[in-house]
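Fold and contact review
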Amino acid sequence: MIKRKGLFSTLSVASVALATLFTFSSPGGASSSGTIAKGQPVLIGTSLSLSGDFSADGTAFQQGYELWAADQNARGGLLGHKIQLKIVSDASSPTQVVTNYQDLISSDHVDLTFGPFSSLLTLPAAKAVARYGYAMVEGAGGAPSVFQAGLTNVFDSALPVASGLVPFAKWIASLPKSQRPTSIAYVTSTDPFTEPQIPVAEKIIKAAGVKTVYYKTFPAEATDYTPIADAVASAKAQVVILGSVDVPTVSAFMQAFEQAHYNPKAFIATAGPDQGSAFTKAVGLGNADGMMVPNAWFGGSKNAMSEKMVAEYIKKYGGTAADVNADVAEAYSVGQVITQAVEKTGGFNNAKIISYLHSGVTIQSVLGPVKFNSLGENIKPTAFTFQWQGSNFVEVNPATDPGAVKILYPKPAWKN
Amino acid sequence: MSGSALVHSIIDGVLTGSVYALMATGLTLIFGVMDIINVAQGIFVILGAYLSYALSVHLGIDLFVGLAITIPTLFLVGIVVERVFLSRIKGPEKVVMSILVTYAISLVIEGALNMVFSVNYVELHAWYVNRSVRVFGFWLPYIYLLGFAMAVVLLGALYFMLYRTRFGASVRASLADQTAAALVGINVKNVSTICFGIGIAVTAAGGMIYGATNAFNASSSYDLISRLLVIIVLGGMGSIGGALAAGVFMITIEDVVSVIWGPVWSSLTFFLILVIILSVRPQGIFGKQTARLA
């Protein structure tokens, strides 16, 4: 009986606590009012992979966010409020990223949130943020799994990943039969960013009569790529499409191919070669020659906003336009999307921001125009293929684009 | 899948596995003598890789020649770490505490490496890194052959030290029973310190090969330590021979599975084998209940 009485007391206390919690909380979260006192900064929270597998990308994203914040603060901030970034590290962990956003919203009371790096982390992060009614504008979560989760608060300013390889696949298919490769190998990491890209490209290339001689996936946590690369080399495919998320994967395959004296006529990787000097330092500039990567942005983009950002990046971090990681621009574009949303809605109310971004408006960014569909995908960007040609990182596809230069095909021999 | 692809995967596995075995040997030696699970072993491997990188890029020193500097350097680093941090850990919670302390050391080193070298990936370059030689129809990379030869030499030297020297006898006595070793006049504390130094020193060699075959940054240590721990658990905690056998066996199996069934099954098989073997032999393949040195 005493035990039962104790149980009732515990339940009563818990009920009161829960009732209090519900009374003083609201679905809109910490910034549901959307107003910030005069003279107070606007606090923007984000979780980035500053250590772990995505640390190189996470750090580039940090640079992009900080560049945008510095630029915007130089223009007076957001609606007169200085921008203060609260950046925490998730160590590339899909579980830590959830904890981080929960803390950012419930403990740090950030006014807005920016997305993390990679689709793998964006999906759990966006779900967590949605519970508080916050918008999540991000620049690196373009996998179909992110948009198929039924979320209404996520907006990806970058290129949807599924269409990334389409220009390359169309280019292969468009080659005259005498030049068209006869065989192709597909090898991809099990990652939401890479896997959706391959079937789309394969369908186009297969229809052009190019035979698939190797198609395998490998676990994202793989560290020894030698047997996989050797198997691809043994298949002697004339073209290789590698579903990679980082530099080490591409670097390992390139090294193993060279060691096996195998040089495909065309070699494209879904990520890695787009990381500027981070890529060329790892693989050597000589071996980078001819390597391709799909993306919607590169350092030499003629977009005026992009040119300004690249100049500022070089001033702050040094290097050349080719050295600027595409992640920097993707992060910067997130800030630009939020800038317009805040200015047009006249405040920091996340519900209004979500509604505004779903209204079909077009926003200008360093990536080019951004317009979201009902799923939060950017429907405006054009997919391009970029290639390292000597020390230059240039646009090569679509060939009809005014900025495109002639593609280096076949790929030059390994030079290291 | 062709027969030659299978043979090639076995060769790849043996060559790569020997380097993992070398790295794991240091880890198992440290556990065997000190009852310390050094989860910082992965970051020490990366530290070794960065030291080789710095010597190569800034001073133009060849990767293998540089080992004459990096191995003693990491030996000294190991001595300092053991004396300053690990020698203070005592009592029944020593193993658990050692995990926490070495993890903290790992985080500090990771942070320092990120500050000095940035998080951008780098790779070690030398004329032989990307070249290979054709043997019986197979292209065998020089770097893996050299790494294999280096691992054999260093493991041979370690074996000689353990079984042919007076210090080795002290180490083996400490491995078997620290109290009894102390009673017969062995300075177990000094033996522990030197063993920790040796265990860390071998990471310089392993790190150099790792850095020449993988683009790396400080965070690469996480993938390494999980693999190294599996190898020493499978071989038998504290067993040098076990680490050697398990390193070669596991990496070879992983490579063969990758070729036969596909890469996605290789990691699964890696851990499945661990579970199966441990369920039959909880002490690992070469682990012994009383004397842990194979």
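Rules used throughout
Residues numbered from 1 in each chain as written. Chains lettered and ligands numbered in written order. Predicted model: local features only at pLDDT ≥ 70, side-chain atom pairs only at ≥ 80, totals over all residues. Helix = DSSP H or I, 4+ residues; strand = E, 2+ residues; numbered from the N terminus. Rg over C-alpha atoms; globule rule 2.2 N^0.38 Å. Buried ≥ 20, exposed ≤ 12 C-beta atoms within 10 Å, placed from the backbone. Expected span 1.5 Å × (residues − 1). pLDDT = per-residue confidence, 0-100. Contact = placed C-beta atoms within 7 Å. Pairing = 2+ DSSP bridges. Axes fitted to C-alpha atoms, helices over the stretch in contact; angles between N-to-C directions.

**Here's the deal with the overall build of chain B**
- In terms of regular secondary structure, chain B is built from eleven helices and two strands.
- In sequence order, chain B lays out its α and β elements as α-α-α-α-β-β-α-α-α-α-α-α-α.
- Rg of the C-alpha trace for chain B: 19 Å, near the compact-globule value of 19 Å for 294 residues, within the 12% margin.
- With the C-alpha coordinates of chain B rotated into their principal frame, the extents come out at 60 × 50 × 35 Å.
- Within chain B, the proportion of its 294 residues that are buried is 53%.

**Regarding helix H10 (residues 240-260) of chain B**
All names here are of chain B.
- Helix length check: H10, at 21 residues, gives a terminal C-alpha distance of 30 Å against a target of 30 Å (1.5 Å per residue), a fit within 8%.
- Counting buried positions along H10 gives 18 out of 21 residues, so the element sits mostly inside the fold.
- Phi for Gly-262, located one or two positions after H10, is positive at around 120°.

**Side note on the confidence of the model for chain B**
Residue and element names in this part refer to chain B.
- Mean pLDDT for chain B: 89, with 97% of residues reaching 70 or above.
- Across residues 290-294, where pLDDT falls below 50, the model places 21 contacts with residues more than four positions away in sequence or in other chains.
- In the predicted complex, the global pTM is 0.80; the interface-specific ipTM is 0.78.

**A short note on the confidence of the model for chain A**
Residues and elements named next belong to chain A.
- In this model, chain A carries an average pLDDT of 89, and 92% of its residues clear a pLDDT of 70 or more.
- For chain A, the element scoring lowest by mean pLDDT is helix H1 (residues 2-24), at 48; strand E9 (residues 266-269) scores highest, at 98.
- Taken as a whole, residues 1-5 scores under 50 in pLDDT and shows zero contacts with residues more than four places along the chain or in a different chain.
- Low pLDDT, under 50, characterises residues 18-32; the stretch is placed with 15 contacts to residues that sit more than four places away or in other chains.

**Quick look at the sheet that holds strand E1 (residues 42-48) of chain A**
Residue and element names in this part refer to chain A.
- Sheet architecture is open: five strands sit in the order E2-E1-E3-E4-E5, paired in parallel fashion. Single-partner strands in this sheet number two, and they are strand E2 (83-89) and strand E5 (154-156). The sheet shows a mean angle of 25° between the axes of neighbouring strands, direction not considered.
- Sitting on the sheet, helix H4 (residues 119-130) is in contact with E1, strand E3 (112-114), strand E4 (136-138) and E5, with an inclination near 155° to E4.

**Considerations on unusual backbone geometry**
Residue and element names in this part refer to chain A.
- Cis geometry is found at the peptide bond from Asn-397 to Pro-398, where omega equals -5°.
- Along the chain, Pro-398 falls in the segment after strand E14 (392-397).
- Positive phi, close to 55°, is recorded for His-261, a residue that is not glycine.
- By the element assignment, His-261 lies in the loop between helix H9 (247-259) and E9.
- The class for His-261 is partly exposed, based on 13 C-beta atoms found within 10 Å.

**Re the interface of chain B and chain A**
- The interface of chain B with chain A comprises 34 residues on the first partner and 36 residues on the second.
- Those elements that provide at least two residues to the side of chain B that touches chain A are helix H1 (3-34), strand E2 (138-141), helix H9 (221-235), H10 and helix H11 (263-280) of chain B.

**Comments concerning the pairing of strand E13 (residues 384-389) of chain A**
All names here are of chain A.
- Counting buried residues in E13 gives five out of six residues, a clear majority hidden from the surface.
- Relative to E13, strand E10 (residues 292-295) runs antiparallel, the two sharing four bridges. If you follow Asn-295 over to E13, its bridge partner there is Phe-384.
- Judged from the five bridges that link them, E13 and E14 form a sheet pairing that is antiparallel. Residue pairing across strands places Thr-385 opposite Asn-397, the latter belonging to E14.
- Count of turn residues in the E13/E14 antiparallel hairpin: two residues, of which Gly-390 carries a positive phi of about 65°.

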